[in-house]
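Structure at a glance
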Amino acid sequence: MIIKRMFGAPLHEHPDPAQRVLGVSELPPDSGALAGLLTSDPAPEVRAAAARRCANLDALAAALKTETDSSVRSVLTVVLGPLLAETQDGEAARTHLQADECNDAIRREVARRTQDADRRRIAIAALREESSLVDLALVAEHAETRMAAAERVRTPEGLARLADGARDKDRGVARMARKRLDTMTDQASQASAADEILAQLEALANTPGPILTAVIELDRRWDALDLDHDPVRMARSSAARQ
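Residues numbered from 1 in each chain as written. Predicted model: local features only at pLDDT ≥ 70, side-chain atom pairs only at ≥ 80, totals over all residues. Heavy atoms only, no water.

Structural notes on a negative patch on the surface
Where like charges cluster on the molecular surface, the negative patch consists of Asp-182, Asp-186, Asp-226 and Asp-228. Of note, Asp-182 is situated in helix H12 (residues 171–204). For Asp-182, a relative accessible area of 42% translates into the label partly exposed. (Patch = residues over 30% accessible without salt bridge, like charges linked within 9 Å, V, L, I, M, F, W, Y side chains within 5 Å. Areas by Shrake-Rupley, 256 points an atom, 1.4 Å probe, with all protein chains shown as cover. Salt bridge = Lys/Arg side-chain N within 4 Å of Asp/Glu carboxyl O. Lys, Arg positive; Asp, Glu negative; His and termini not counted. Charge placed at Lys NZ, Arg CZ, Asp CG, Glu CD. Helix = DSSP H or I, 4+ residues; strand = E, 2+ residues; numbered from the N terminus. Buried < 20%, exposed > 50% of the residue type's maximum accessible area, 1.4 Å probe, protein only.)

Here it is, written out as structure tokens:
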């Protein structure tokens, strides 16, 4: 059996990091000594072992805030997702999910795993990157989660990825994404047509000779557009006509 003490000290205080890693397994998941190793041990492998063992949500979140080693941060991310999804402390979960140090991988895992609808909503609302929203909308098990994530996708690129990726998995998400994408495409086309008409109207102000026929034709083209949502172009049109 491995000698548990060296010079009377517990194994997790051994000068050799490999021995401290072994000592981690002997500490209770909620012990203060384990939390101390998690945040202050100089060896990344010891901090990672402590992260895997630790069940103290606040200690893990604090470690994520200060940890600089990418391998340890990866372990913290893997551990924190399930803990935040399952903890009975809803207020603590909210605080950690909305904290700057929390990352989208954790939030995604909480949204995917939690049985708490309010916590799921908080996790989805806290997602920072659109790619995370698209990923969640494509892989989450529950339709409600997929749709809630999809509704926050706004860019043409994200919507196109959703429309294609969800086509055979979630027709509701695919339809919503395609409808929004078509609307954006139509709005862009109308904006381009409006800019062309405005340029011609503004040029007519300095055009000598009769312009009534030209204005009537431009008005006809303008009326065919749906620009009620575009106050800037509407104001330009009014000014040009005056």
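Still to come is the rest of the account.
Re the pattern of salt bridges
Tallied over the entire structure, the rule returns 22 salt bridges. Between Arg-94 and Asp-118 there is a salt bridge; the shortest N-O distance is 3.7 Å. Taken as a pair, Arg-94 in helix H6 (residues 90–98) and Asp-118 in helix H8 (residues 117–126) lie far apart in primary sequence, 24 residues in all. Overall, the relative accessible area of 37% leaves Asp-118 in the partly exposed class. Here Asp-164 makes a salt bridge to Arg-167, at a shortest N to O gap of 4.0 Å.

Looking at the environment of Val-173
As for its placement among the helices and strands, Val-173 is situated in helix H12. Classification of Val-173 as buried rests on a relative accessible area of 0%. On a C-alpha basis, the gap between Val-173 and Glu-151 in space is 8.5 Å, while along the polypeptide they are 22 residues apart. Apart from the residues lying within four places of it in its own chain, the contact partners of Val-173 are Arg-146, Met-147, Ala-150, Leu-162 and Ala-166. (Contact = heavy atoms within 4.5 Å.)

Quick look at the side chain of Gln-190
By the secondary structure assignment, Gln-190 is in helix H12. Gln-190 gets classed as buried once you look at its relative accessible area, which sits at 14%. Ignoring anything within four residues of it in the chain, the contact list for Gln-190 reads Leu-225, Asp-226 and Leu-227.

Comments concerning the packing of helix H11 (residues 156–165) against H12
Each pair of packed helices can be summarised by the angle the axes make with each other and by the distance between the axes. One way to put it is that H11 packs onto H12 with a least axis distance of 8 Å and a crossing angle of 145°. The handedness of the crossing between H11 and H12 comes out as left-handed. Residues Pro-156, Leu-159, Ala-160, Leu-162, Ala-163 and Asp-164 of H11 form the contact with H12, whose own contacting residues are Val-173, Ala-174, Ala-177, Arg-178, Arg-180, Leu-181 and Met-184. Class assignment of the residues belonging to the contact of H11 with H12 gives a composition of 10 nonpolar, no polar and 3 charged. (Axes fitted to C-alpha atoms, helices over the stretch in contact; angles between N-to-C directions. Left-handed = near helix turned anticlockwise from the far one by under 90°. Nonpolar A, V, L, I, M, F, W, Y, C, P; charged D, E, K, R; others polar.)

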